[in-house]
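Notes for the structure review
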Amino acid sequence: MPKPGVLKHIAESGDILFTVRAATPRLASTKTIRLFADIADEFCDGFLRYTSRNNVEFLISDESKVDPCIARLTKEGYPVGGTGASITNIVHTQGWVHCHSSASDASGVVKSVMDDLFPYFNEKTLPAKLRIAFACCLNMCGAVHCSDIAILAVHRHAPVVDHEAMAKQCEIPSTLASCPTGAIRTATVDGHKSVEVIEEQCMFCANCFSVCPAMTLNDPETDGISIWVGGKVSQARHVPMFSKLAIPYLPNNPPRWPEVVAAVRNLVEVYAANAQPYERMGEWIERIGWPKLPISLRMALMISSICTIVISSG
């Protein structure tokens, strides 16, 4: 790579193409889209594309336009980086802005984490590329099942049924059918036809709330965040891997989520200090074994467990 955020592609014919990658917010205004279109028109004949992790890439055939393009993007506030052995933009879901089933805020957590890890986007290098994802509930319309570090917001109790509102707001057969684990059963409560939830079977997915507003799942006191590690999609060096649970619960603490930020930074720093070159997070953990994780990472797990106990007892 010529420099951070720039890729050089050489075809069999000898033709050369440069890709300039810049980070963007996942939620972009029409003003932002028009700005990117203008930059693409100025430097690369209008050719640009978005990556699956919300980066925008400008495809430049004239090498002399690479540095001016970088300068323009930097001036407009869009940093260039995220290529090679680094942290690229964090892919995430909707969060509190749009999603009724979210257990945390996607944009807020991602902003806080990436602000803290920004040097790994365009300055510091890692043993290999590190992909981070966020999903605001376990329906995980993000890539949390297959990312090096996955931040997954979690609900911790079954839906609370408003029996009086059930007949007015919900169709009971549809509500029963919405549950993927069969945890919802018919019931009669105070003379009202309603439902009950078998908590042992509930997976806290909020599918029922999607079809029945009388079954509320969100709880600001108990909803929180879990951390998963070791996933990847690539087949290079090792077959694809699923993420595994590392930290079961951290509290929702907006607006900057300090506990989550500290835990993710700890994971990144321990990985950076101990993994071999080109070794992804999951490959490193598999090589040394979960019981042999460095003491600093085990301390992070211990702290998270203490947080869980204190919050649960409170």
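These figures come from a predicted structure and were not determined experimentally.

A closer look at the pairing of strand S10 (residues 192–197)
Bridging between strand S9 (residues 184–189) and S10 involves six bridges; their strand directions are antiparallel. Residue pairing across strands places Arg 185 opposite Glu 196, the latter belonging to S10. The turn joining S9 and S10, which pair antiparallel and follow one another in sequence, is formed by two residues; a positive phi near 50° is taken by Asp 190.

Some remarks on the sheet that holds strand S3 (residues 48–50)
Strand order across the open sheet formed by four strands is S1-S2-S4-S3, with antiparallel pairing between neighbours. The open sheet terminates on both sides in strands that have one partner only, identified here as strand S1 (6–10) and S3. The average angle at which neighbouring strand axes cross in this sheet is 25°, direction not considered. Packing of helix H2 (residues 66–76) onto the sheet brings it into contact with S1, strand S2 (16–23) and strand S4 (55–60), and relative to S2 it is tilted by some 10°.

So, unusual backbone geometry
A cis amide bond links Pro 254 to the next residue, Pro 255, at an omega of 10°. Tracing the backbone shows Pro 255 in the loop between strand S13 (244–251) and helix H8 (258–274). Of note in this structure, Asn 54 is not a glycine but carries a positive phi near 70°. In this structure, Asn 54 sits in the loop between S3 and S4. According to the relative accessible area criterion, Asn 54 is buried, its value standing at 14%. Look at Tyr 278: it is not a glycine, yet its phi comes out positive at around 70°. One can find Tyr 278 in the loop between H8 and helix H9 (281–288).

Thoughts on the sheet that holds strand S5 (residues 91–92)
If you trace the five strands from one edge of the open sheet to the other, you get S5-S6-S7-S12-S13, paired in mixed fashion. Each of the sheet's edge strands pairs with one partner strand only, and the pair in question is S5 and S13. In the sheet, strand S7 (residues 149–154) pairs with strand S12 (residues 224–229) via six bridges, with the strands oriented antiparallel. Following the sheet pairing, Val 154 is matched in S12 by Gly 224. Those strands touched by helix H3 (residues 106–117) are S5, strand S6 (132–135), S7 and S12, and its axis lies near 160° from that of S6. Seen against the sheet, H8 touches S6, S7, S12 and S13 and runs at an angle of roughly 150° to S13.

Notes on the packing of helix H1 (residues 30–43) against H2
Contact geometry for H1 and H2: axes closest at 10 Å, N-to-C directions at 160°. One way to sum up the angle between H1 and H2 is to call them roughly antiparallel. Crossing of H1 against H2: the hand is right-handed. Here H1 contributes Leu 35, Ile 39, Glu 42 and Phe 43 to the contact with H2, which in turn contributes Pro 68, Cys 69, Arg 72, Leu 73 and Glu 76. Broken down by class, the residue content of the contact of H1 with H2 amounts to six nonpolar, no polar and three charged.

Quick notes on the rules
Position numbers for residues count from 1 along each chain, tracking the sequence in the order it is written. Local features in a predicted model are, by the rule used here, given only for residues with pLDDT of at least 70; side-chain atom pairs are given and counted only at 80 or more, and totals for whole chains, interfaces and linings are based on all residues. Hydrogens and water molecules were not included; the side-chain quantities draw on all heavy atoms of the structure. Paired strands, in this sense, are two strands between which DSSP finds at least two bridges. Secondary structure follows DSSP: runs of H or I at least 4 residues long count as helices, runs of E at least 2 residues long count as strands, and numbering of each begins at the N terminus. To define axes, lines are fitted to C-alpha atoms, for helices over the stretch in contact only, and angles between the resulting N-to-C directions are given on a 0 to 180 degree scale. A contact between two residues is defined here by any heavy atoms of the two lying within 4.5 Å. When a residue's accessible area, from a 1.4 Å probe over protein chains only, is under 20% of the maximum for its type it is buried; when over 50% it is exposed; and in between it is partly exposed. In these notes the angle categories are as follows: under 35 degrees is roughly parallel, over 145 is roughly antiparallel, 65 to 115 is roughly perpendicular, and the rest is oblique. Handedness of a helix crossing follows the sense of rotation of the near helix relative to the far helix, less than a right angle counterclockwise being left-handed and clockwise being right-handed. Polarity classes work like this: nonpolar for Ala, Val, Leu, Ile, Met, Phe, Trp, Tyr, Cys and Pro, charged for Asp, Glu, Lys and Arg, and polar for all others, with Gly in that last group.

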